[in-house]
Structure formats: C-alpha cells, structure tokens
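Fold and contact review
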Amino acid sequence: MTTVPSASDDTVPSASDRAVPGASVTGVPALHVDEIRLRFGGVVALDGPSFSIEPGHIVGLIGPNGAGKTTLFNCISRLYQPDSGRITFGDTDLLSLTADGVADVGIARTFQNIGLFPTMTVVDNVLTGAYSRTRAGFVRTALGLPSSRTEERRERAEAWALLDSMNLAHVGREPAGNLPYGTLKRVELARALMQRPKLLMLDEPANGLIHEEVLELAETVRALRDERGFSVLLVEHHMAMVMSISDRVVVLNFGQKVTEGEPSEVAAHPEVVEAYLGGAA
C-alpha cells in the first residue's frame, strides 16, 4: 500500500498524461440481492428484499426514513452481516468477503457523512481512494524504491485527471477543510472513483446540497457512468435526482420491497404515493 505523496511533489500533468482507464460495460458484473433478512434484536431491519443491477445501469433505492436503505447498503459493502439471503456480484459471493475484499472485487461507496481528511490537500484525499488496488508495499515505499515512485506518479496523474474531469483541478492543492460542503461532496465522489469501481454505491450524495448543486451532481454521476461504464446503486431522498438519472428504481418500506420498475412507473405506484404522501394524498 503506497503512502500519499506530499503536496510539494505535485506537478499537474499535461493533457497527454491525464488519460484515465475507462471501464467497459462488458467487464462489469451484475449485482444480485436475494431475500436479504436482518434483525437488530427485536427490530426487523430488512425483510427479504430482492433486486438486481444490470451492468452499466443506475438503480435508485428509495423509501421513507427507516425503510432499510442504508442497512442494505451496509450489507452489500460488508459492514453488516445479514441473518439470511444471498448477495452476489457476478460469480462472487459478497457475503463470504470482508469489507476490504468487497473493495478488491470493484465495489466502491460513499457515506452520508463526509469522511475526508481536512488538513490534507484535495488531490491527496483523492489519492487515498487508490489504496485498495496499489501494489507497492510499505518497505518499498519507505525506501523510495523505483517501483514505488513510478506507481505514485501514475496514481497522482490519475487523481489529477479525475479532478480535471470533475472541474475540481483548480482546488486540487487546497486543504479539504477550506472548501464548501458541495465541493467536498464531489471530492468524496472522486476519491471513490480512484478505486476504478465496477459498481459505485452512493449513499445520499445530495444530502446538504442546494438545488443547483444537486443538478450538477446528477449530471456528473450520469456523465461519469457513461464515460467509464460502471454501475451505480443510489440511495437518495432527493426524488428529482433519483428519477432523472435512474434506469430503474427500487422502493423499500419497513425493510420490504414495495415495488420496482422504471422511474415513471414507480412514481405512479399507489403504495409509493401513500408511503411518501399519505393515503389522503
């Protein structure tokens, strides 16, 4: 695992050095969630939801507070162990892996609360996302051996390319703690993308953003998906964002799947209307 180079080592690469490896949809596995159940004591958090994410698709996961969305996220990323059910990513049984193992097979996620390092520069924060796939060991990095230096230069060029593609290169040398909340949300997304994910899991990425920032984030996510070919699982309360970028939407309530379908179908479903607006509406 490499150490993050210091800001003094930064040289913004030329355009020819900024190529970022794109992901082919043909190499992206499907995710299958099958009958997942989980209890916390006497509380049923998940009661058998099942759904799939086809390669390159964006799937929105919505539902009222307490519906089980983040709990399901945590099962997929292996922070929680469900009581029963299966979760597979291609031929890989995710429930047999650790959280590190999930990252190794190409699944990256963000969290509701920003977890960046405030005193580190933006580019160094983004570089931490490459830890799960870098090869230089501690000894080689500490000794500054040529192989570790080459890898650091390559990863740093990729981090700058990501920042450039997300219109963040101009803040690349700024400490993260100096930046507004909306910008930090995009930096966190860039850090997740440094894993070169096949599946990107976004947990309420629009939380705390103003309307214009939500629209910009939605367009960024869709454009990056189109460019890189990864799949997306999106948990979000901002319905305009979910409905505008999702290929399919899955609705949870009380840990159960209420319905699933294209955004227009889901928006008109009676149980969805009742869950969000109440029976009178």
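Residues numbered from 1 in each chain as written. Predicted model: local features only at pLDDT ≥ 70, side-chain atom pairs only at ≥ 80, totals over all residues. Heavy atoms only, no water.

The name given to the chain in an unreviewed UniProt entry is ABC transporter ATP-binding protein, with the source organism recorded as Rhodococcus gannanensis.

A word on the overall build of the chain. Helices and strands together make up the secondary structure of the chain, namely 10 helices and 11 strands. Scored against the burial criterion, the 281 residues of the chain give a buried share of 49%. In the chain, 71% of the contacts between residues at least 6 apart in sequence involve partners at least 24 apart. Working note: accessible area of the chain is about 12,700 Å², and carbon and sulfur atoms make up 52% of it. (Helix = DSSP H or I, 4+ residues; strand = E, 2+ residues; numbered from the N terminus. Buried < 20%, exposed > 50% of the residue type's maximum accessible area, 1.4 Å probe, protein only. Contact = heavy atoms within 4.5 Å. Areas by Shrake-Rupley, 256 points an atom, 1.4 Å probe, with all protein chains shown as cover.)

Here the focus is the environment of Glu35. With respect to the helices and strands, Glu35 occurs in strand E1 (residues 31-40). The spatial distance from the C-alpha of Glu35 to the C-alpha of Pro49 is 5.2 Å, given a sequence separation of 14 residues. Setting aside residues no more than four positions away along its own chain, Glu35 makes contact with Gly48, Pro49, Ser50, Ser84 and Gly85.

Take helix H1 (residues 69-76) next. One turn of the α-helix equals 3.6 residues, which is why residues spaced by three or four share an orientation. The buried count for H1 comes to 7 of 8 residues, which makes it a mostly enclosed element. Where H1 is concerned, the buried positions are Lys69, Thr71, Leu72, Phe73, Asn74, Cys75 and Ile76. Once H1 finishes, Arg78 follows within two positions and takes phi at roughly 70 degrees, a positive value.

What follows covers the side chain of Ser231. One can find Ser231 in strand E9 (residues 231-235). Reaching out from Ser231, the side chain makes a polar contact with the backbone oxygen of Glu54 at a distance of 3.5 Å. For Ser231, the contacting residues outside a window of four places in its chain are Val28, Ile53, Glu54, Pro55, Gly56, His57, Lys198, Leu199 and Leu200. (Polar contact = N/O pair within 3.5 Å; in protein donor to acceptor, adjacent residues only side chain to side chain.)

Here we take up the packing of aromatic side chains. Taken as a whole and assessed by the stated rule, the structure comprises 1 aromatic pair. Relative to Tyr80, the ring of Phe40 lies with its centre 5.4 Å away and its plane at 75 degrees, an arrangement referred to as edge-to-face. On the criterion of sequence distance, the pair formed by Phe40 in strand E1 and Tyr80 in the loop between H1 and strand E5 (84-89) is long-range, its members being 40 residues apart. Look at Phe40 and you get partly exposed, because its relative accessible area is 39%. Between Arg109 and the ring centre of Phe111, over which it is positioned, the NZ or CZ distance is 4.0 Å. (Phe/Tyr/Trp six-rings, centres within 6.5 Å; stacked < 30°, edge-to-face > 60°. Lys NZ or Arg CZ within 6 Å of the ring centre and 35° of its normal.)

The subject of this paragraph is the packing of helix H6 (residues 181-193) against helix H7 (residues 211-228). Packing of H6 against H7 brings their axes to within 11 Å, and their N-to-C directions diverge by 15 degrees. Between H6 and H7, the crossing angle belongs to the class labelled roughly parallel. Crossing geometry of H6 relative to H7 is assigned as right-handed. Contact residues: H6 offers Gly182, Arg186, Leu189 and Leu193, while H7 offers Glu213, Glu216, Leu217, Thr220, Val221, Leu224 and Arg228. (Axes fitted to C-alpha atoms, helices over the stretch in contact; angles between N-to-C directions. Parallel < 35°, antiparallel > 145°, perpendicular 65-115°, else oblique. Left-handed = near helix turned anticlockwise from the far one by under 90°.)

With that settled, consider the pairing of strand E4 (residues 58-62). On any regular strand, side chains alternate: one points to one face of the sheet, the next to the other face. For E4, a buried count of 5 out of 5 residues is recorded, marking the element as mostly surrounded by other parts of the structure. Of the two faces of E4, the one lined by Ile58, Gly60 and Ile62 and the one lined by Val59 and Leu61 are each fully buried. Both E4 and strand E10 (residues 248-253) contribute to a ladder of 4 bridges, which runs parallel. Bridging across to E10, Leu61 finds its partner in Val250. (Pairing = 2+ DSSP bridges.)

Both E10 and strand E11 (residues 256-261) contribute to a ladder of 5 bridges, which runs antiparallel. Each bridged residue has a counterpart across the sheet, and for Val249 the counterpart in E11 is Gly261. A loop of 2 residues connects E10 with E11, the two strands running antiparallel in sequence, and Phe254 in this loop sits at a positive phi of about 55 degrees.

Formed by 44 residues in total, the largest nonpolar core has its most connected members in Val126, Leu189, Leu193, Leu200 and Met241. For this core, the element with the most residues is H6, which contributes 6 residues. Ignoring anything within four residues of it in the chain, the contact list for Leu193 reads Leu162, Met166, Leu200, Leu224, Arg228 and Phe230. Counting 26 residues, the second-largest nonpolar core is a separate cluster that includes Cys75, Val102, Val250 and Leu252. (Core = buried A, V, L, I, M, F, W, Y, C linked by side-chain atoms within 4.5 Å.)

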